[in-house]
Structures are given as structure tokens and as C-alpha cells.
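Given next are the chains, with one letter for each unit.
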Number of protein chains: 2
Amino acid sequence: MKALSGASNGALPDRRSRRGPTIYEVARRAGVSIATVSRVQRRAELVAEPTRDRVERAIQELEYRPSALGRSLARGSHEATGVVFPDLSGPYYSAVILGYEETSAAEGSSVLILGTHRRPGAVDQVLDLGDRVDGLVIMGRTVDDAVVEELVRRGVPVVLLARGPVAGSDSVRVDNRHAAEALVTHLFQHGHRAIAFVGDPGASADAFERWEGFRSAHAAAGLTPTFEPIACAFRESEGREAGRRILAAADRPTALVGANDEIAMGLMEAARDAGLRTPADIAVTGWDDIPAGRHLSPQLTTVRQPMHDIGRRAAALLHERMSGSRTEPRHVVLPTELVVRSSCGCAAPTSEGGVGT
Amino acid sequence: MKALSGASNGALPDRRSRRGPTIYEVARRAGVSIATVSRVQRRAELVAEPTRDRVERAIQELEYRPSALGRSLARGSHEATGVVFPDLSGPYYSAVILGYEETSAAEGSSVLILGTHRRPGAVDQVLDLGDRVDGLVIMGRTVDDAVVEELVRRGVPVVLLARGPVAGSDSVRVDNRHAAEALVTHLFQHGHRAIAFVGDPGASADAFERWEGFRSAHAAAGLTPTFEPIACAFRESEGREAGRRILAAADRPTALVGANDEIAMGLMEAARDAGLRTPADIAVTGWDDIPAGRHLSPQLTTVRQPMHDIGRRAAALLHERMSGSRTEPRHVVLPTELVVRSSCGCAAPTSEGGVGT
DNA sequence: TTGTAAGCGTTATCAT
DNA sequence: ATGATAACGCTTACAA
């Protein structure tokens, strides 16, 4: 026979690590059943006032806080969601995650983050995370479609970011194509014809669509892109390397369209290193409108995308889906905005007339 | 009477949301007890090979995955830790969080993030988070000491970042003082005497220590700071505002020490707007060495702090503390490095000689 | 209005 | 080597 659970166990080593009193102790102290304590926690109005008072006093005195684990297990929900991102770094991912966290927290659910860092076990980690949350946001090409499909099959609500939708999941993306067209058309107006796209359309849906817009702008102008895309990851260092290669070529382009601002910064550095002036000798544009863009020299012409909002919308979609208030997939496309500054060749704005606040 | 749990319940609406088979179903299918299934999961060698095979087959066939919740409840650990940050944004916080996530994930524990965003209910959210994790990292002045003390009292392992230690918790910080001294001394060498510190020593331990270093450098040179610190949050916009005020004054300083790089960018913008050249008319320095710094014009002189490492070390400390492999508090101070570029007045590096890779 | 007791899905301690 | 069964801490029918 074992000792009865409530009995004298002076200094139990205790498997339940730290953690204060349980609902049983509160119940005993208040002279009620655990059900009543539970009720007081959730919907105080279900309990008669005198009883409620006793319970509340007991809760206070014992400093009782219900166990999130126990509650989750009983309820079958985690009250948490997860965000999966690739090897991150750079303002884009953090801004999106922040926007996501902000609205998730406001809705009362915790946020788990998981970076895959091109780690080998990443797929399992993602799948695993799917079991610890009520819903998942997956950014870009973090994991491939098969994994997303598996997640969906398992019944995990999923929202995809900056990535083509997968059956059964929602998605949030931006209008890359039109913005890219506008950007390239703007470059045409500066007289550029030999424009190179620097980014990897094969590695990212965003880059792919930007490249598509790049092409269709050419087509609309009766042109054919002079160069194939220069494959390059979303990193300054890669942009710099790519820039060195391109600019060393005999028939170098007169304008460089970076797939994001970090690539563009790398490109500008490569240009400087090659002794070229931007934009006089070579125009450079970016994408994202990161804060530093306004402070570069020349100031960066780029496309603003609402990074923070992407995160917020993702949270909202996920929430709808988790609460079951919506079942059919929904795909949100957020607008972008061309931000013309001087790296494209436009006159440097005067101090007073600077773009942005 | 209720139906026996295992009995026919064709299409149970099921409180346990999604979620596959339980350990009971696996056990039944393999013709063993749940204890055996549990053993196979954790330490396969405890089970005889033939039995193990049957169990493993059942697991496969049913696609059984143990419930993280059930496991955590039984074990009394969450296999998760949390990071609390203030209103974040900017490279500093994200870099630290990334470093933290990276090593935490490698150690197998999930990471929960919580931004307080100067929200009213923040304190409760933090306390609450403390109940859902095995340990907590708190960045800067996110919450005040009383909250940290309460967390410690509750037995939550806590690591503090960029903040004075609180009894019972570990901490990770950088050597602000010496770097600030080196920085200011460098400015002295450029001939500056009227130097203003832009940042809020009262709002951040980091800013406080940098200001202290600023003062002691003056003292060491037999000088007294010409200006009181110009209070300013770690934001570009605030730096810009602060810059406008200072530079409008009749007796304006000849050098500005921003408490971080974003403030410095704001200061440089204010200088531009005021028609002043940096560094000729006014020198500006920052802190953190964010990636954009190398691309500014002029390139930013700053102090590099190992943001990523701060996160990694925090993870390591927390891990030690959670595993109980260490009990006495430990306080890590990471080194910083003065990065001299041109915004302080040093000659602009040639293209080839640029700082950085 | 309140109590009883059956889950929720594990782990771990005893027995056998 | 394996099986029973008691925790773990809560929620929620159902009864009273």
C-alpha cells in the first residue's frame, strides 16, 4: 500500500520541479471541491458569492496559480502557436516575427519560435513543433511542401508566409510582381537597358515573383532581359560577391536590381570597391525598405513591403482558423509601394524634401 | 453509467482537438502494456527485442507520436524556455534572440518569446510566462527588479541580459565602461572637447554604463563633461529629435556620442538636415556595430558588441541552472571592441582598406 | 449551487 | 522483462 497522496510528506523531493499548491490544496483550505475552485478560476459568476469569497481567499493565501500544463492537457489546447523561419537575420524576419508576436500576445496565445538554420534535423523539429502548438506560421522556403502537407494532414492549422499556398493552408504574401514592374519601368525611364537582377528566383517565392515582374516589365517595353538572374542569397555578403563578379565583366550592366535591401547594400559596396559611383556609373535598387536605406549614400531606391503587417495578418488568419471561425483557405496579398530615392539615378532629395519621415 | 472509454464511440467530437492515437491504442495493438510502450519510446534497450519490434511496428502503423503535454505533465518540465524583450525592433534584440534560439534549439528546448511593448498587463504576462517554461531570459529593463525577484522567489531560473544582476539570477552583459572610455578618449585625440552623450542613462543599464565610461574618460583627461546626457531612447527617430535640439543650440557640441547605432543614424540625419557635414563639422559615434554602419556615409565609428554571443551565453547559463549543474549565480561580462571608421573624424578608409570583410 | 468522478496522455514505481 | 496502477493538475459532464 502506498501512503495517501495528501498525507504527511514533509520534504518531498517532488517530481513536479518547483510549482506551488495544486487545486486540491486550495479546495481543502476553502472547504469546497476542486470543481468549485476550477469554476472560480474561469467563470466566477457560476459560484455563489460566499463560497467564491472563501475560495478566493484560499487562492490568495496559498498563492495558487493553476498549472498551464494541467489545464492544457484537460482542454486539449496549447494556447500557443509557433513561427518557423529559415536562417534568419536581417530586418525582414525580425519585423515580421515582431508583428506576429504582438498580435498573438494580444490574443492571449504564446509564441514559440524555431529557426531551422539549415540544420539537418530541421524537418523533424518543425514536425515536432507542430505537436506543441495550436497552429503554425511558416516563413518562406523554410521547409518544403511535403512537410507542410504533412502538417496539414495532421490537422495543424498552418499559415504560409511569402510562399505559394499549399492545399489546406492560408497564406500571406505581398504583391511582388507589380512592384517589380514599376521598379524596372522606372529604371527604363532613367535610360537603363542593361539591367541585371540579383537574387535567386529558384530559392524563394518572393525572388521568383520579383524576377517575373522584372521580365514582364521588359516584355511590356518590347525588351528582353539582358542578363540571366545572378543567383544570390538574401545576404549582404552574397550581394557583395555577386556584385564583384558582375562588375568585373566586360559588358557589365548599367543597373542592378537587388532582390532585397541587404543584397543591394552588398552591391553598392562592390560598386564602391570597383571604383564606380552609384548611381552615376551604376544604379542600384533594393527591396523591403529597411530603416538603414534612408541613411545610405546614395539613399536607396527600393520597394516597401509592410513587414510588420505581414506578421499581424498571419496571426489573424491563424487565429480564425484555430478558432474554427473559418474553414476555407484564404490567401492575403498585401500591397507594396515603390520608394524612389536616389540610388536609382533620381536627383538626391534636398534635406527638406527627403523621402520618409 | 457511462460507456466504457475504450468502447465503441464511432465519431466522437473529441475534446482532444486533433491528435492521433494514444499510448493505450499502441499498447493494445502491440499486445503489451502502456508501460512497455513508454519504455520503448525512451530507452528502447530496456525492452526485449521481439517485444520492442512489435511495439515499434504498432507505433509505425498507427503513426503514434507521444503527446508533449502528457509527457510534460508527468515529468514536471516544459522542455521550453522563454525570452522577454521590451518594445524591440532594431538589430540588437533580434541578434540576441537569434543567438539564444540557436543554442536553445540545439539543446532541445523550445523557445517562447514575449515582447512587452510597454503594454499595461506586461507584468502579469511575464509572470505567467514564468509558469509555462523551465527558465527565463529577461532583456534589459523590460520589467523591473521586483518582478525579477518574484520570479526568482517562485523558483524560476532567470538570466538577466544587459542589466544589473538581481539576487539569485545569472546575468550576461558587455564591458560598456572601458569601451566608452576608449571611444571618448579617441574623440579627445581628434581634438574634441565639447562632446555630448545622447542616450538615457536612467532608462537602461547599458546606457548608464556607457555614460559612466564617458565621464571617467573625461575625468582621466582632467576634464568635466560639457553637457548633461541628452535623454533619448534607443531609436533612430528619437536620436534625430535629440540631434535637432542639440544642434540648434548656440553652443553646440563638436562631437556626439550616440548610445547606440540607431541613435547615431538619427543624429547624422539631424546633422545633415542642419546643413552640417559629418565628421568635418560634427563627429558622431554609435554603439553595437549594426550591419548598416559600414554602409553609411560617413561610415560609422562604433563599438562592436557580440550580440549573437550574448544570446548564446544566456542560453548556456540558463541551461546550467535548469539542469542544476550549478547553483551559485554567475555573471558573465563579454568584451567589446572599438571599431574606428570615419564618422569620428578619421580619414575615410580607401576602398581597399575598408574596415570589415 | 456544489460535489463526484471520469477523463486528458504521459511517466515512473512497484510488483510479478 | 513486463504489467498494474498511481501520480501529474486540471476541466467538465453528470448527479445531487
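Residues numbered from 1 in each chain as written. Chains lettered and ligands numbered in written order. Predicted model: local features only at pLDDT ≥ 70, side-chain atom pairs only at ≥ 80, totals over all residues. Heavy atoms only, no water.

**Examining the nonpolar core**
Part 1 of the reasoning: Ranked by size, the top nonpolar core spans 84 residues in total, and within it Ile195, Val198 and Leu256 of chain A together with Ile195, Val198 and Leu256 of chain B carry the most contacts.
Part 2 of the reasoning: Leave out the neighbours within four places in its chain, and Leu256 of chain B touches Ala196, Val198, Ile246, Leu247, Leu267, Ile282, Ala283, Val284 and Thr285 of chain B.
Part 3 of the reasoning: Of all hydrophobic cores here, the second largest spans 52 residues; its members include Tyr92, Tyr100, Ala314 and Leu318 of chain B. (Core = buried A, V, L, I, M, F, W, Y, C linked by side-chain atoms within 4.5 Å. Buried < 20%, exposed > 50% of the residue type's maximum accessible area, 1.4 Å probe, protein only. Contact = heavy atoms within 4.5 Å.)

**A closer look at the interface of chain A and chain B**
Part 1 of the reasoning: Taken together, the contact pairs 62 residues of chain A with 62 residues of chain B.
Part 2 of the reasoning: Contact between chain A and chain B buries roughly 5,100 Å² in total, counting both sides, with carbon and sulfur atoms accounting for 48%.
Part 3 of the reasoning: Linking chain A to chain B there are eight salt bridges.
Part 4 of the reasoning: Here chain A and chain B share 16 residue pairs in polar contact (both at pLDDT 80 or more) between them.
Part 5 of the reasoning: Looking at the side of chain A that touches chain B, the elements with two or more residues in it are helix H4 (68–75), helix H5 (91–106), strand E2 (110–115), helix H6 (122–130), helix H7 (145–153), helix H10 (236–248) and helix H11 (261–273) of chain A. (Buried area = accessible area lost by both parts, 1.4 Å probe. Salt bridge = Lys/Arg side-chain N within 4 Å of Asp/Glu carboxyl O. Polar contact = N/O pair within 3.5 Å; in protein donor to acceptor, adjacent residues only side chain to side chain. Helix = DSSP H or I, 4+ residues; strand = E, 2+ residues; numbered from the N terminus.)

**Points about the relation of the copies chain A and chain B**
Part 1 of the reasoning: If you rotate chain A by 180 degrees and push it 0.0 Å along the axis, it lands on chain B with an RMSD of 0.1 Å. Seen this way, the second copy is the image of the first under a two-fold rotation axis.
Part 2 of the reasoning: Comparing interface residues between copies, 100% of those in chain A also lie at the interface in chain B; the contact surface is shared. (Least-squares fit on C-alpha atoms with pLDDT ≥ 70 in both.)

**A word on the side chain of His192 of chain B**
Residues and elements named next belong to chain B.
Part 1 of the reasoning: Checked against the element boundaries, His192 lands in the loop between helix H8 (176–189) and strand E6 (195–198).
Part 2 of the reasoning: For His192, a relative accessible area of 12% gives the class buried.
Part 3 of the reasoning: A distance of 2.7 Å separates a polar atom in the side chain of His192 from a polar atom in the side chain of Thr254.
Part 4 of the reasoning: If sequence neighbours within four positions are ignored, His192 has contacts with Leu187, Thr254, Ala255, Ala283 and Cys344.

**Description of the sheet that holds strand E8 (residues 283–285) of chain B**
Residue and element names in this part refer to chain B.
Part 1 of the reasoning: An order of E6-E7-E8 is seen for the three strands of this open sheet, with the pairing classed as parallel. Lying at the two open borders of the sheet, with one neighbouring strand each, are E6 and E8. With direction set aside, neighbouring strand axes in the sheet form an average angle of 15 degrees.
Part 2 of the reasoning: Two elements, E6 and strand E7 (residues 255–258), share four bridges in a ladder whose sense is parallel. Residue Ile195 lies in a different strand from E7, and its bridge partner there is Ala255.
Part 3 of the reasoning: Along the sheet face, helix H9 (residues 205–220) touches E6 and E7 and points at about 170 degrees away from the line of E6. (Pairing = 2+ DSSP bridges. Axes fitted to C-alpha atoms, helices over the stretch in contact; angles between N-to-C directions.)

**Considerations on unusual backbone geometry**
All names here are of chain A.
Part 1 of the reasoning: Pro279 follows Thr278 through a cis peptide bond whose omega is 0 degrees.
Part 2 of the reasoning: Tracing the backbone through its elements, the reader meets Pro279 in the loop between H11 and strand E8 (283–285).
Part 3 of the reasoning: Here the phi dihedral of His117 falls at roughly 45 degrees; this positive angle occurs in a residue that is not glycine.
Part 4 of the reasoning: Topologically, His117 is positioned in the loop between E2 and H6.

**Here's the deal with the confidence of the model for chain A**
In low-pLDDT regions, the fine details of the predicted coordinates are not to be read closely.
Part 1 of the reasoning: When pLDDT is averaged along chain A, the result is 90; 92% of the residues meet or exceed 70.
Part 2 of the reasoning: Between residues 1–16 of chain A, whose pLDDT stays under 50, and residues either more than four places distant or in other chains, the model counts six contacts. (pLDDT = per-residue confidence, 0-100.)

**Side note on helix H11 (residues 261–273) of chain B**
Residues and elements named next belong to chain B.
Part 1 of the reasoning: Helix length check: H11 (13 residues) gives 18 Å between terminal C-alpha atoms against 18 Å at 1.5 Å per residue, within 8%.
Part 2 of the reasoning: The buried count for H11 comes to eleven of 13 residues, which makes it a mostly enclosed element.
Part 3 of the reasoning: The elements touched by buried residues of H11 are helix H5 (91–106), E6, helix H10 (236–248), E7, E8 and strand E9 (302–304).
Part 4 of the reasoning: Where H11 starts, the residue carrying a side-chain oxygen 3.1 Å from the main-chain nitrogen of Glu262 turns out to be Asn260.
Part 5 of the reasoning: Directly after H11, the chain includes Gly275, whose backbone phi takes a positive value near 80 degrees. (Expected span 1.5 Å × (residues − 1).)

**Observations concerning the packing of aromatic side chains**
Part 1 of the reasoning: If you walk through the whole model with that rule in mind, you get eight aromatic pairs over all chains.
Part 2 of the reasoning: Both rings, one in Trp211 of chain A and one in Phe214 of chain A, keep their centres 5.3 Å apart while their planes meet at 25 degrees; by these two values the pair is stacked. Taken together, the positions of Trp211 of chain A and Phe214 of chain A, both in helix H9 (residues 205–220) and three residues apart, correspond to about one turn of that helix. Each member of the pair, Trp211 of chain A together with Phe214 of chain A, is buried.
Part 3 of the reasoning: Centroid distance Phe197 of chain B to Trp211 of chain B: 5.7 Å. Interplanar angle 55 degrees. Geometry classified as tilted. Of the two residues, Phe197 of chain B is situated in strand E6 and Trp211 of chain B in helix H9; the sequence distance between them amounts to 14 residues.
Part 4 of the reasoning: By relative accessible area, Phe197 of chain B is classed as buried at 1%.
Part 5 of the reasoning: Residue classification places Trp211 of chain B among the buried residues on the basis of a relative accessible area of 8%.
Part 6 of the reasoning: Site record: aromatic cluster; members linked through ring pairs are Phe197, Trp211 and Phe214 of chain A. (Phe/Tyr/Trp six-rings, centres within 6.5 Å; stacked < 30°, edge-to-face > 60°.)

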